[in-house]
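Descriptive structure summary
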Amino acid sequence: MTGTPQLGDSGGIVYALNKESNIRYTIGIISGRITFDGLVKPDLYPGVVYGICCKASLINNTFGIERY
């Protein structure tokens, strides 16, 4: 994931782009974000926000679906 996840991003699709073939692959669904406050190692992580996503294959297998 690139960029900082924002409120309201949940449910968005995470893609991987193969530049050679220009094909996008669905690899996950954004499920939220977490802020690491830097209390453990403030010199290395001074309040970093990470996106959290669920692997698309897990969603597909759970619901018995596939992407077209």
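Residues numbered from 1 in each chain as written. Predicted model: local features only at pLDDT ≥ 70, side-chain atom pairs only at ≥ 80, totals over all residues. Heavy atoms only, no water.

1. Here's the deal with the overall build of the protein chain
Secondary structure assignment for the protein chain yields one helix and three strands. Residue burial in the protein chain is summarised as follows: out of 68 residues, 10% are buried. Nonlocal contacts in the protein chain, meaning residues at least 24 apart in sequence, comprise 27% of its contacts between residues at least 6 apart. (Helix = DSSP H or I, 4+ residues; strand = E, 2+ residues; numbered from the N terminus. Buried < 20%, exposed > 50% of the residue type's maximum accessible area, 1.4 Å probe, protein only. Contact = heavy atoms within 4.5 Å.)

2. Some points on the sheet that holds strand E3 (residues 48-55)
Taken in spatial order, the three strands line up as E1-E2-E3 in an open sheet, and their pairing is antiparallel. One side of each edge strand has no neighbouring strand; the edge strands of this open sheet are strand E1 (13-18) and E3. Each strand axis lies, on average, 45° off the axis of its neighbour in the sheet, ignoring direction. Note that E1 and strand E2 (residues 23-36) share six bridges and pair antiparallel. Its bridge partner being in E2, Val14 is matched across the sheet by Gly28. (Pairing = 2+ DSSP bridges. Axes fitted to C-alpha atoms, helices over the stretch in contact; angles between N-to-C directions.)

3. Considerations on the packing of aromatic side chains
Counting across every chain of the model gives zero aromatic pairs. When the ring centre of Tyr15 is taken as reference, the NZ or CZ atom of Arg24 above it lies at 5.7 Å. (Phe/Tyr/Trp six-rings, centres within 6.5 Å; stacked < 30°, edge-to-face > 60°. Lys NZ or Arg CZ within 6 Å of the ring centre and 35° of its normal.)

4. What to know about the confidence of the model for the protein chain
Residue-level pLDDT values for the protein chain average 81, and 81% of them are 70 or greater. Averaged over each element, pLDDT in the protein chain is lowest for E3 (84) and highest for E1 (90). (pLDDT = per-residue confidence, 0-100.)

5. Re unusual backbone geometry
Positioned with a positive phi, Asn22 is a non-glycine residue whose angle comes to about 60°. Note on placement: Asn22 falls in the loop between E1 and E2.

6. Quick word on a nonpolar patch on the surface
Together, Ile23, Tyr25 and Ile27 give the surface a local cluster of nonpolar side chains, amounting to about 280 Å² of exposed area. You can call Ile23 partly exposed: its relative accessible area is 38%. (Patch = residues over 30% accessible without salt bridge, like charges linked within 9 Å, V, L, I, M, F, W, Y side chains within 5 Å. Areas by Shrake-Rupley, 256 points an atom, 1.4 Å probe, with all protein chains shown as cover. Salt bridge = Lys/Arg side-chain N within 4 Å of Asp/Glu carboxyl O.)

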